[in-house]
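# Survey of secondary and tertiary structure
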Amino acid sequence: MKTNKRRGTRTEKRVTGNGRRPVVVVEDDPFPRLIQVILDPAVSAARVAAFSHFFAHELPDFTGWCERLRARLKRLHPAEVRLVPDQAGLRAGMPGATVIVTESLAVGKQEIAAAGKSLRIVQKYGTVLSGIDTAACGRLGIRVLTLRRRANMSCAEHAFALMLALARKIHETAGLISTEQLQAAGYAPTQYDRAHTANANWARVTGTRNLFGRQIGIVGFGEIGREVALRAAAFGMHIVYTQRRPLAAREEARFGAAYAPLDELLATSDFVSLHLPFNDATRGIIGRRELGLTKPGTILVNISRPPLVDREALLDALRAGRLSGFGLDPHYDAPGRADDPLLGFRNVIVTPHLAAAPRYNSLNDFEELLLGLERAL
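Summary of the structure given here. (Residues numbered from 1 in each chain as written. Predicted model: local features only at pLDDT ≥ 70, side-chain atom pairs only at ≥ 80, totals over all residues. Heavy atoms only, no water.)

Here we come to the pairing of strand E6 (residues 215-219). Counting buried residues in E6 gives 5 out of 5 residues, a clear majority hidden from the surface. The alternating pattern of E6 places Gln215, Gly217 and Val219 and Ile216 and Ile218 on opposite faces, both of which are buried. Taken together, the 5 bridges between E6 and strand E7 (residues 238-242) define a ladder with parallel strand orientation. The residue of E7 that forms the bridge with Gly217 is Val240. After leaving E6, the chain enters helix H11 (residues 223-234) and then returns to the sheet as E7, a path that is right-handed. (Buried < 20%, exposed > 50% of the residue type's maximum accessible area, 1.4 Å probe, protein only. Helix = DSSP H or I, 4+ residues; strand = E, 2+ residues; numbered from the N terminus. Pairing = 2+ DSSP bridges. Right-handed = clockwise from strand over helix to strand, strands pointing away.)

Turning next to the pairing of strand E9 (residues 271-274). Moving residue by residue along a regular strand, the side chains alternate between the two faces of the sheet. Judged by which residues are buried, E9 turns out to be covered on both faces: Phe271 and Ser273 on one side and Val272 and Leu274 on the other are all buried. As paired strands, E6 and E9 are joined by 4 bridges and run parallel to one another. What sits directly across from Gly217, in E9, is Val272.

Glancing now at the nonpolar core. Ranked by internal contacts, the top residues of the largest apolar core, which has 33 residues, are Val24, Leu34, Ile35, Leu39 and Leu370. Mapped by element, the contributors of at least two residues to this core are strand E1 (23-27), helix H2 (33-39), helix H3 (45-55), helix H4 (62-70), strand E3 (99-102) and helix H16 (360-376). Look past the residues within four positions of Ile35 in its chain and what remains in contact with it is Val24, Val26, Asp40, Val81, Val101, Phe366, Leu369 and Leu370. (Core = buried A, V, L, I, M, F, W, Y, C linked by side-chain atoms within 4.5 Å. Contact = heavy atoms within 4.5 Å.)

Here it is, written out as structure tokens:
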């Protein structure tokens, strides 16, 4: 019994690093805050209620879901969860930390040293490890875990849904199956001589295009941009990307992508897809000058943040016919207005912040993340 007790004590210290409940330091972002709701009994009732409301339309029993997951987290729950807003906050929150969960904050020698000997795991909320000193973690026996996020995959799928709908004019022609409907929409339907030809596209819809063989320009090659590239390769597209620094050659080969400066990307791409974080540096990164550089007939898709594209410059480019199509999620305002000028263009599709849906993407992401931490501990 004495031996078992000693083993139990050692196990507890190994798990928590301080003989108490584990300390989980989490980058303060809307979705990772869910970790606090699941793990930390000290979380505010207002935050629990807010998340319950957020998930209610697809998970009515949010409380039950949390309870079932907690029951599987024998080592990780209950925990002290420290939400940190920035790099300085991360370093300040590190003492005694067992686990770090980071999306964009860097974890280097300073952060690792600030944690002392308690740190056991660095969990990237994603797969790109450029901000994490993996060598330093390896030398100290700190595990580095990744998560390929379902929400990112869903965003990439939504980008392609918009591109495909615009390229194939699905949004313009859906439900137009009668001669009268098509004529009212401005088409000139006919019937072909079936004794000699097929009757394909009897509606005489012009301007459709394929994705195969076309160039896609991906602006921002982070987590979602890379998911877009994987799908573009499956469509047989030529892939170029731009970001602050080109990837290593082996990474470019992995995605079948080639680097191009932004101006060149815009001038040569048939499809342009935006995947940048929103900050002062990226606000209006696609403005009047950039839209003027685009290849005539470009289809532009923005599923990042609306202000990446200057709104007035966009409206002018659409009026001038510079763009063949524009897809946006989310909209510039939430909720928007039924008389928004963007809705007056047949070649524009706007969806109400659906790209990361359904909610089970994030629920399953965090279930996988927390169970992975549990196994690692």
